[in-house]
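This is what each chain is made of:
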Amino acid sequence: MKLKEKIHQSYFELTPAEKKVADHFLWAGADIIYETMNDIKEKTKVGDATIVRLCHKLGYSGFSDLKVEVAKEDYSSNVEQTGKSPYASIENALTKTIKTTLSELNQGALAKAVAAIGKAKRIYILGVGGSALSSKALESMLLRIGVRAQAVTDPHYQAQLAAITDSSDLFIVFSLTGRTKDTLEPLKIAKKNQAQIIAITTYPASPIALEADIVLQTAVDDFLNGGSLIGRMSQLLVADVLVYEYEKLNSADTINAREKVVRAILNKRKME
């Protein structure tokens, strides 16, 4: 039985405080998997005991168990194969990701991000796990238009770099959830040193986003499907738009840089 059905079945047997939490669960839907106990306490004004007690009444061992079961329900519904194509669900997810990501992008934030790249003395791109691949990709994209940036995917090295940064440095951070602890800790250090931070994340109210000066929003998360194509596509689409907007403002320099890069790698290709 799904969470929504369990709540409806036992709703009138709940205490007023438990109903507040149940109402929040119904309102949040699958997004509940990205919330913490503290998030729920803040939104419903109840204590830990109330949340845990409700989870038990609904048949879960605790809040973490509830989140895992909700994630399983959401994942199962997303991978159902429909239509004539056996991969229709994948096609629909990718199409939706592109449309949603582009619609979520804030043009004002994008303009500020482009300006920050232009002003920065040093640029570091952070990401761990699946987001590490996106950080490497953005490093390559920027290099091709003449912007030197360094993708840093080791949490220990991220912390060391953050410790010696200053206001002339820029950090671009990938995290779909915005809660990646390995990335958050170095950011706090960088912020104390007055480095500028651009967060590329799905959740503008997440801890990483709150540390950032500029937030560029992705459109998906992959709680149960870590490293998924749709999650990475959303990140790479934001990165591509960021590079595209930078090129529009610096076309003379970037075209020249692209030519130099292409000429540099021509000899690496198979001779015709």
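Residue indices begin from 1 for each chain and proceed along its sequence in written order. In view of the model being predicted, local features appear only for residues whose pLDDT reaches at least 70, and side-chain atom pairs are presented and counted only at 80 or more, with totals across whole chains, interfaces and linings using the full set of residues. Hydrogens and waters are ignored; side-chain quantities use all the structure's heavy atoms.

Identification of the chain as MurR/RpiR family transcriptional regulator from Ligilactobacillus murinus is taken from an unreviewed UniProt entry.

### What to know about the pattern of salt bridges
Note that side chains of opposite charge can pair when their charged atoms are close. Stated precisely, the cut-off is as follows: Salt bridge, as used here: a side-chain nitrogen of Lys or Arg that lies within 4 Å of a carboxyl oxygen of Asp or Glu. In this description a helix means any DSSP run of H or I spanning at least four residues, a strand means any run of E spanning at least two, and both kinds are numbered starting from the N terminus. With a 1.4 Å probe rolled over the protein chains alone, any residue whose accessible area is under 20% of its type maximum counts as buried; one over 50% counts as exposed, and the rest are partly exposed.
This structure, assessed with the given rule, holds nine salt bridges. Of the charged contacts in the structure, one is a salt bridge between Arg 53 and Glu 18, with a shortest N-O distance of 2.8 Å. Of this pair, Arg 53 sits in helix H4 (residues 48–57) while Glu 18 sits in helix H2 (residues 16–28), and the two are 35 residues apart along the sequence. A residue is classified by how much of its surface remains accessible, and Arg 53, at 36% relative accessible area, is partly exposed. One salt-bridge network, in which partners are shared between bridges, spans Glu 18, Arg 53 and Lys 57.

### Concerning the side chain of Glu 18
Put simply, the rule is: Whenever a nitrogen or oxygen atom comes within 3.5 Å of another N or O atom, the pair is scored as a polar contact, on the condition that within protein one atom can donate a hydrogen and the other can accept it, and that pairs from neighbouring residues in sequence are kept only if both atoms are in side chains.
A relative accessible area of 0% means that Glu 18 is categorised as buried. One polar contact links the side chain of Glu 18 to the main-chain amide nitrogen of Thr 15, over a distance of 3.0 Å. There is a polar contact of 2.8 Å between the side chain of Glu 18 and the side chain of Lys 57.

### Overview of helix H7 (residues 107–119)
Put simply, the rule is: Expected helix span is computed as 1.5 Å times (number of residues minus one). Comment: arc refers to directions from the helix axis out to C-beta atoms. Residue contacts are counted whenever heavy atoms from the two residues lie within 4.5 Å of one another.
Between its first and last C-alpha, H7 extends 19 Å over 13 residues, near the 18 Å set by a 1.5 Å rise per residue. Along H7, the residues that are buried comprise Ala 109, Leu 110, Ala 113, Val 114, Ala 116 and Ile 117. Down the axis of H7, the sector holding all buried residues measures 160°, keeping them to one side. Turned more than 90 degrees away from the buried face of H7, the exposed residues are Gln 107, Lys 112, Gly 118 and Lys 119. Residues of H7 that are buried make contact with strand S1 (122–126), strand S3 (169–174), strand S4 (196–201), strand S5 (214–217) and helix H12 (229–249). One side-chain oxygen of the residue at the start of H7 lies 2.8 Å from the amide nitrogen of Gly 108, identifying that residue as Asn 106.

### Some thoughts on the nonpolar core
Test applied: Within this scheme, the nonpolar core is defined by two criteria: the residues are buried Ala, Val, Leu, Ile, Met, Phe, Trp, Tyr or Cys, and they are joined through side-chain atoms within 4.5 Å.
Of all hydrophobic cores here, the largest spans 30 residues; its most connected members are Ile 123, Leu 138, Ile 172 and Leu 216. Breaking this core down by element, the ones donating at least two residues are H7, S1, helix H8 (130–144), S3, S4, S5 and H12. Of the residues forming this core, the biggest block, seven residues, is contributed by H12. Once you skip the residues sitting within four places of it in the chain, Ile 123 turns out to touch Ile 117, Val 147, Arg 148, Ala 149, Gln 150, Leu 170 and Ile 172. Ranked by size, the runner-up nonpolar core spans 22 residues in total, among them Ile 33, Ile 40, Val 46 and Cys 55.

### Details of the packing of aromatic side chains
Going by this rule: Any two rings among Phe, Tyr and Trp, with Trp reduced to its six-membered ring, count as a pair given centres within 6.5 Å; such a pair is stacked if its planes are under 30 degrees apart, edge-to-face if over 60, and tilted if neither. By the criterion adopted, a ring carries a charge over it if an Arg CZ or a Lys NZ lies within 6 Å of its centre and within 35 degrees of its normal.
Under the definition given, this model contains three aromatic pairs. On the basis of an interplanar angle of 90° and a centroid distance of 5.7 Å, the ring pair of Tyr 11 and Phe 12 is categorised as edge-to-face. Overall, Phe 12 belongs to the exposed group, its relative accessible area being 74%. Here Tyr 124 and Phe 171 contribute two aromatic rings whose centre-to-centre distance is 5.4 Å and whose plane-to-plane angle is 45°, an arrangement assigned as tilted. Taken together, the residues Tyr 124 in strand S1 and Phe 171 in strand S3 connect sequence positions 47 residues apart. In this arrangement the basic side chain of Lys 6 is found over the ring face of Tyr 60, its NZ or CZ atom lying 4.1 Å from the centre.

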